[in-house]
Amino acid sequence: MNLRLPGPIPVPNEILEAMAKPMINHRGPAYKEMLARITDRLKQVFQTTGDVYILTASGTGAMEATITNTLSPSDKVLCASIGGFGHRFAEIARIFGADVVMLNSAPGTSIKLDKLHSVLESDPAISAVLVTHNETSTGVTNDLEKIADIVKKEFNKLLLVDGISSVGSLPLQTDAWGCDVVATASQKGWMLPPGLAFISFSEKAWEANATSTMPKFYFDLSEYRSYFAKGQPPWTPAISQMFALDLALEEMMTQGLDNIYQQHAEIGKFTRDGLRTLGLTILPEESIASNSVTAVCVPDGIDVKNLLMQLDENHGVILAAGQDSLAEKIFRIGHMGRTTKGEIENVLNSLTSVLTNLGFNPAQSR
Ligand SMILES: *Cc1c(COP(=O)(O)O)cnc(C)c1O
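The shown structure was predicted, so the numbers you read here are calculated from the model rather than taken from an experiment.

*Asks:* Sorry if this is basic, but what is going on with the packing of aromatic side chains here?
*Replies:* Remark: the centre distance and the inter-plane angle together describe each pair of aromatic rings, the angle taken between the planes. Counting across every chain of the model gives nine aromatic pairs. Where Trp190 meets Phe198, the ring centres are 4.9 Å apart and the plane angle is 75°; that geometry is what we call edge-to-face. The same class applies to Trp190 and to Phe198, which are both buried. On the basis of an interplanar angle of 65° and a centroid distance of 4.6 Å, the ring pair of Phe201 and Trp206 is categorised as edge-to-face. For the pair Phe201 and Trp206, one class covers both residues: buried. Among the aromatic residues, those joined into a ring-pair cluster are Tyr53, Phe201, Trp206, Tyr224 and Phe228. A cation over an aromatic ring shows up here: Lys21 above the ring of Phe243, its NZ or CZ 4.8 Å from the ring centre. The positively charged end of Arg225 is found above the aromatic ring belonging to Trp206, 3.7 Å away from the centroid.

Written out as structure tokens, the structure reads:
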């Protein structure tokens, strides 16, 4: 089976096996040591000297924690959304009572920096900006460094980042760029099963936290902070997942962050080049195309449900459909973690076969 979703991604055997270890006392010395080692390495991946906490949740839980730990009801916030996950970020903020201003970009495009600048300039009441670093629903990577320059250096707002499909896969410098909160989740580039989320928290985020009145309990990061001082989590952690995370981080440290980024850049380009050779079109333009997930336009006359079903049933290749308004228009190929060229070649060959079956001639369509 060739599981090529933008999460969950295949988990190496040794990491799966690490989860089969016997339980330990999460309030004992062995756990304390493991938590310290894991947190130290997570900070290296986030490129922060600030705080990083581990939540038992999927990525959406970390998005909720991001909002509820920094904002208060009726706070005015700007959500610069470029797709489905940007909209989810806005929806969470709205549900907890924030006054959300939207800056939407068309599917397949990135945040327009001049527009971001002018919205912030025209509305000084905005206190925080929500952005998705890598929009998994459209395969677009925003230029987070330039966004942060505007949000932080020019306007000094709180910058809250959904880095769920980028941290650990794509370059993201939490401190150097000035991201106040960055959220990510284990089933993306970390090569872990779903179930853990990681969240970084800056000094300015703690300042916001001091006056934040949105309701929170399970995700109350001040609890995580006070327990961390004792080497413990506030609630019972997902111990098996922590064993897996411990090993995954050790492997990531051995590989080296720069090599991980480089590998993603290469496999991303390899995927897009291969798709274009088949006569297919990538949704975003090359300069903003994501190196962790590729969104491919469905050729005219092809039924995407049928395409994905035949890839799965006849070739064991599992790709993701588009979401919402893109459901009939695109499909997505995940290439996070240790995706090999061989695995992408298998996707391309399978696509060629199924597309030909469905009446699309890959060779002649160019
Ligand atoms: C996967 C993903 C999410 C949602 O995470 P869940 O783990 O499914 O809750 C949010 N944002 C982005 C950018 C993602 O890739």
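That shown, we press on.
*Asks:* I tried to follow helix α12 (residues 304–315) on my own but got confused; where do I start?
*Replies:* For the α-helix, the turn length of 3.6 residues means that residues three or four positions removed from each other point alike. Here α12 contains twelve residues, and its C-alpha end-to-end distance of 16 Å stays within 8% of the 16 Å for a straight helix at 1.5 Å per residue. Buried residues in α12 make contact with β12 (317–318), β13 (320–321), β14 (330–334) and α13 (341–357). Directly beyond the C-terminal end of α12, a positive phi value near 70° is found at Gly316.

*Asks:* Before we go on, may I ask you to explain the sheet that holds strand β8 (residues 158–162) in this structure?
*Replies:* Across the sheet, which stays open at both edges, the seven strands sit in the order β2-β10-β9-β8-β5-β3-β4 with mixed pairing between neighbours. Sheet topology places β2 (51–56) and β4 (99–104) at the edges, where each strand pairs with a single neighbour. Between one strand axis and the next, the sheet turns by 20° as a mean value, whatever way the strands run. Taken together, the five bridges between strand β5 (residues 128–132) and β8 define a ladder with parallel strand orientation. Across the sheet, the residue bridging to Thr132 is Asp162, located in β8. Along the sheet face, helix α2 (residues 29–46) touches β2, β9 (181–185) and β10 (196–201) and points at about 115° away from the line of β2. Each of β2, β8, β9 and β10 is contacted by helix α8 (residues 203–211), which is oriented at about 95° to β10, the strand it contacts most.

*Asks:* Please explain the confidence of the model for the protein chain as it appears in this structure.
*Replies:* Close inspection of predicted coordinates is inappropriate in any region flagged by low pLDDT. Scored by pLDDT, the protein chain has a mean of 97; 99% of the residues are at 70 or more. Put simply, strand β1 (residues 2–3) is where the protein chain has its lowest mean pLDDT, 96, and β8 is where it has its highest, 99.

*Asks:* Explain helix α10 (residues 239–255) to me, please; I cannot follow it from the model alone.
*Replies:* Compared with the 24 Å implied by 1.5 Å per residue over 17 residues, the 24 Å span of α10 between its first and last C-alpha is a close match. Check the buried side of α10 and you find it contacts α1 (13–18), α2, β2, β10 and α11 (257–277). Count one or two residues on from α10 and you reach Gly256, which has phi positive near 90°.

*Asks:* Would you mind showing me how to read the nonpolar core here?
*Replies:* Note on soluble globular proteins: their nonpolar side chains tend to be buried together. Counting residues in hydrophobic clusters, the biggest one holds 52 residues, and the most contacted among them are Leu116, Trp190 and Leu245. It is α10 that contributes the most residues to this core, eight residues altogether. If near-sequence neighbours (up to four positions away) are discounted, Leu245 is found in contact with Ile38, Leu42, Ile54, Leu192, Leu196 and Phe198. By size, the runner-up hydrophobic cluster in this structure holds 35 residues, among which are Val77, Val181, Phe201 and Trp206.

How each quantity is defined
Residues numbered from 1 in each chain as written. Predicted model: local features only at pLDDT ≥ 70, side-chain atom pairs only at ≥ 80, totals over all residues. Heavy atoms only, no water. Phe/Tyr/Trp six-rings, centres within 6.5 Å; stacked < 30°, edge-to-face > 60°. Buried < 20%, exposed > 50% of the residue type's maximum accessible area, 1.4 Å probe, protein only. Lys NZ or Arg CZ within 6 Å of the ring centre and 35° of its normal. Helix = DSSP H or I, 4+ residues; strand = E, 2+ residues; numbered from the N terminus. Expected span 1.5 Å × (residues − 1). Contact = heavy atoms within 4.5 Å. Pairing = 2+ DSSP bridges. Axes fitted to C-alpha atoms, helices over the stretch in contact; angles between N-to-C directions. pLDDT = per-residue confidence, 0-100. Core = buried A, V, L, I, M, F, W, Y, C linked by side-chain atoms within 4.5 Å.

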